[in-house]
Structure formats: C-alpha cells, structure tokens
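As a plain string of letters, each chain reads:
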Amino acid sequence: MATRDPELTRTSILQAAERILRRGGVGTIDQVAREAKCAKGLVHYHYRTKSALLAAVAARLGQARRARWAHTFSSQTPDGAVRASWSLLVAENADGSLRAWLALLAHKDKATGRVVSSEMASFAEALTQSASRWLAQLSLAPTVPIEEIGSLIASVVWGMGLLLAAGTAPSRLQGAYDAAWAGVLSLTRPVLRA
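Q: Hey, could you run me through the nonpolar core in this one?
A: For soluble globular proteins, the rule of thumb is that nonpolar side chains tend to be buried together. The biggest cluster of nonpolar side chains holds 53 residues, and the ones touching the most others in it are Leu53, Trp69, Leu89, Ile153 and Tyr177. Elements supplying a minimum of two residues to this core: α1 (6-22), α2 (29-36), α4 (50-74), α5 (78-94), α6 (97-106), α7 (110-137), α8 (146-165) and α9 (170-185). In terms of residues, this core owes the most to one element, α8, which gives nine residues. Sequence-distant contacts of Ile153, defined by excluding residues within four places in its chain, comprise Leu127, Ala131, Trp134, Trp181 and Val184.

Q: Can you walk me through the pattern of salt bridges in this structure?
A: Working definition: two side chains of opposite charge can pair if their charged atoms are close together. In the structure shown here, the tally under the stated rule is ten salt bridges. Arg22 serves as the salt-bridge partner of Asp95, at 3.0 Å between the closest nitrogen and oxygen. Placement of the pair is Asp95 in the loop between α5 and α6 and Arg22 in helix α1, with a sequence separation of 73 residues. For Asp95, a relative accessible area of 38% gives the class partly exposed. Because the salt bridges share partners, they merge into one network encompassing Glu18, Arg22, Arg60 and Asp95.

Q: Looking at this model, I keep getting lost on α4. Mind explaining?
A: It helps to recall that an α-helix has 3.6 residues per turn; residues three or four apart then point in one direction. Between the first and last C-alpha of α4 there are 36 Å, a value that for 25 residues agrees with the 36 Å anticipated at 1.5 Å per step. For α4, every residue scored as buried is listed here: Leu53, Leu54, Ala55, Val57, Ala58, Ala59, Leu61, Gly62, Arg65, Trp69, Thr72 and Phe73.

Q: Looking at this structure, I do not really get the side chain of Glu18. What am I missing?
A: Inspection of the secondary structure assignment puts Glu18 in helix α1. Setting aside its immediate chain neighbours within four residues, Glu18 contacts Val57, Arg60 and Leu61.

Q: Which parts of the structure should I look at to understand the side chain of Thr112?
A: Note on placement: Thr112 falls in helix α7. Using a relative accessible area of 0% as the deciding quantity, one classes Thr112 as buried. At 2.7 Å, the side chain of Thr112 forms a polar contact with the side chain of Asp109. Here Thr112 is in contact with Ser51, Leu54, Ala55, Leu104 and His107, once residues within four sequence places are set aside.

Q: Looking at this structure, I do not really get the packing of α6 against α7. What am I missing?
A: A pair of packed helices is captured by two measures, namely the crossing angle of their axes and the spacing between those axes. Contact pair α6 / α7: the axes reach a minimum separation of 9 Å and the direction vectors enclose 130°. The angle between α6 and α7 places the two elements in the oblique class. Counting all contacts with α6, which are made through Trp101, Leu104 and Leu105, the residues of α7 involved are Thr112, Val116, Glu119 and Met120. A per-class count over the contact of α6 with α7 returns five nonpolar, one polar and one charged.

Q: Just checking my understanding: could you explain the environment of Lys110 for this structure?
A: Residue placement: Lys110 occurs in helix α7. It is 25 Å that separates the C-alpha atoms of Lys110 and Val156, two residues lying 46 residues apart in sequence.

Q: Any chance you could explain the packing of aromatic side chains here in plain terms?
A: Aromatic rings considered in pairs are described by the distance between their centres and by the relative angle of their planes. Under the counting rule described, the total for this entry stands at nine aromatic pairs. Ring geometry for Phe123 versus Trp158: centroids 5.7 Å apart, planes at 70°, classification edge-to-face. Highlighted residues: Phe123 in helix α7 and Trp158 in helix α8, separated in sequence by 35 residues. Judged by relative accessible area, which is 15%, Trp158 ranks as buried. Ring pairing ties together the aromatic residues Trp69, Phe73, Trp86, Trp101, Phe123, Trp134, Trp158, Tyr177 and Trp181, which thus form one cluster. Here the basic side chain of Arg65 rests over the ring of Trp158, its NZ or CZ set 4.3 Å away from the ring centre.

The rules behind these values
- Residues numbered from 1 in each chain as written.
- Predicted model: local features only at pLDDT ≥ 70, side-chain atom pairs only at ≥ 80, totals over all residues.
- Heavy atoms only, no water.
- Core = buried A, V, L, I, M, F, W, Y, C linked by side-chain atoms within 4.5 Å.
- Buried < 20%, exposed > 50% of the residue type's maximum accessible area, 1.4 Å probe, protein only.
- Helix = DSSP H or I, 4+ residues; strand = E, 2+ residues; numbered from the N terminus.
- Contact = heavy atoms within 4.5 Å.
- Salt bridge = Lys/Arg side-chain N within 4 Å of Asp/Glu carboxyl O.
- Expected span 1.5 Å × (residues − 1).
- Polar contact = N/O pair within 3.5 Å; in protein donor to acceptor, adjacent residues only side chain to side chain.
- Axes fitted to C-alpha atoms, helices over the stretch in contact; angles between N-to-C directions.
- Parallel < 35°, antiparallel > 145°, perpendicular 65-115°, else oblique.
- Nonpolar A, V, L, I, M, F, W, Y, C, P; charged D, E, K, R; others polar.
- Phe/Tyr/Trp six-rings, centres within 6.5 Å; stacked < 30°, edge-to-face > 60°.
- Lys NZ or Arg CZ within 6 Å of the ring centre and 35° of its normal.

As far as function goes, none of this settles anything; it's purely spatial.
Given below as structure tokens:
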C-alpha cells in the first residue's frame, strides 16, 4: 500500500475545500474528504476542526488574491491598472473566488472570521501601497491619508465583487467602477515641482 506525502495530502485537502467554497458553500468535512479523495480522518488529522480548515483556506485565498491584484496593479500604467483590475474582478466572479469569500464571510465561527478580517485588512494595505505608487507616477499627492484611499479602493473592489457574485451583470457595474476611480482622483492634488 502506497503512503501519501503529508504535505501533498494537506494541499489536496485545502484545494478540495477551496473548490467547494468556489461553488458557493462551506461544505462538510465528509464532502471535503470526498472532494480530496482521502479519508475523513486525514482531514481531521491535518485540520483538527472545520474552523481550522476554513481559516487555512481563507489565508490561502487571501494570499493568492493579494498576489493577483498586486501583479495587476504593478504591471500596468494607472489607467491600464483600472481596466485590468476590472477584468480581474470579473474573472474572480467567473472562477468562483468571490463566491468563496461570501461563503467564508457568512460562516459564523471566530477563527475563520479573524482570518477573513485579517486578509481583508491585508488586501486594503496592498491596495494602499499600489495607490501610493500610481499617484506618484501621475505626479499627484493625496489630500487625505493614503490609507483612506486604500480603504476606499478596497471597499469599492469588495462591494463590486459582492454585486457581481449576487448576479449583477458586469455591464451594469463597469461605469460605477470607473466612476469610483474618478472619485479616488478627486481626493488628490497635483504635486508642485520647484
């Protein structure tokens, strides 16, 4: 009988739980085990509780999301980043990422809630750093603390994501997304060069 590599098993379990979340539900440990093609006992061995499993999935989803968004924002001009970020948001809806976040947000356990809150704050921090870089590229300075701009952008992204996940057509939201970015620019002033 072949033994499974513990790290591969752990990753397989996380991926299985994530697939279930992307379909819009939290699922049971039995469902995760079936999806991962492993014994239920292995799920409990690697993640003592369902809360521990969901917290690990939330951390994994959050890290992957920050990496995708950071790449999108760092590899574009500010104008290109707005267009690319909209495409990314629509893609996250299509691949179930947004449904996964909604399922995690709806799950009422403290451990998962702490990780989700932490990941949302980290996402806002990453967007704050991106906004700071874009404003510098555009020779603009914020008229409010840059953290407030990052929080505003994160709120727009999360809010638009919620609407997309709820079934609102992207074509009905794209203008509002663009307007939100115009709102961000209204919170800036030109940097005066000496």
